[in-house]
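Fold and geometry: a report
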Amino acid sequence: MSTTTPSNGFIVTVAQSPTIQATALREGDSFALLGNDRPLTILARQRHLQPLWLLTLEGQDVPITLRDDEQIRPLRMLRAFDLTCQLCRRTARHILDLPVHGIPQTWVCNHH
């Protein structure tokens, strides 16, 4: 568990697993295939055939295909979370990079 300190309070997070299933990826995310440290950034993602995704990657002419359950190493996954302060119940949107910050569990704003 860690604490991220945005400009408006602090967020308690739980670390994201070092490997996740490819189905969690979205456009704009960066990842590495297991056994390879080369970062890959997704420009476009589309369902190819269940359970396959066709990924267009930055700097590559040919898309790659990943299975939903294929394990990858996430490098950058920006996600927006609407979190409610545990003390005053105010809600605010926070952008977290899951591999860096972890998965949010709770938030306390700086009004206390």
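The paragraphs below set out a description of the structure included in this document. (Residues numbered from 1 in each chain as written. Predicted model: local features only at pLDDT ≥ 70, side-chain atom pairs only at ≥ 80, totals over all residues. Heavy atoms only, no water.)

Attention now goes to the overall build of the protein. Scanning the protein from N- to C-terminus turns up one helix and eleven strands. Secondary structure elements of the protein, listed N to C terminal, follow the sequence β-β-β-β-β-β-β-β-β-β-α-β. The burial tally for the protein puts 34% of its 112 residues in the buried class. Contacts in the protein between residues far apart in sequence, at least 24 positions, make up 46% of those at least 6 positions apart. Accessible surface, the protein as shown: approximately 6700 Å² in total, 51% of it carbon and sulfur. (Helix = DSSP H or I, 4+ residues; strand = E, 2+ residues; numbered from the N terminus. Buried < 20%, exposed > 50% of the residue type's maximum accessible area, 1.4 Å probe, protein only. Contact = heavy atoms within 4.5 Å. Areas by Shrake-Rupley, 256 points an atom, 1.4 Å probe, with all protein chains shown as cover.)

Let's shift gears to the pattern of salt bridges. Overall, the coordinates contain six salt bridges when judged by the stated rule. A salt bridge links Arg47 to Asp68, with the nearest nitrogen and oxygen atoms 2.9 Å apart. Residue Arg47 is found in strand 5 (residues 40-49), and its partner Asp68 is found in the loop between strand 7 (64-67) and strand 8 (71-76); the two are separated by 21 residues along the sequence. Judged by its relative accessible area of 15%, Asp68 is buried. Among the salt bridges present, the one from Arg93 reaches Asp82, with a minimum N-O distance of 2.8 Å. Of this pair, Arg93 sits in strand 10 (residues 91-97) while Asp82 sits in strand 9 (residues 78-84), and the two are eleven residues apart along the sequence. With relative accessibility at 56%, the residue Arg93 sits in the exposed group. (Salt bridge = Lys/Arg side-chain N within 4 Å of Asp/Glu carboxyl O.)

Turning to the nonpolar core, a few remarks are in order. Ranked by size, the top nonpolar core spans 13 residues in total, and within it Leu25, Phe31, Ile42, Leu55, Leu57, Leu66 and Ile72 carry the most contacts. Put simply, the parts of the chain that give this core at least two residues each are strand 5 and strand 6 (52-57). Ranked by residue count, the leading element in this core is strand 6, at three residues. When neighbours within four sequence positions are excluded, Leu25 is seen to be in contact with Phe31, Ile42, Arg45, Leu66, Ile72 and Arg79. (Core = buried A, V, L, I, M, F, W, Y, C linked by side-chain atoms within 4.5 Å.)

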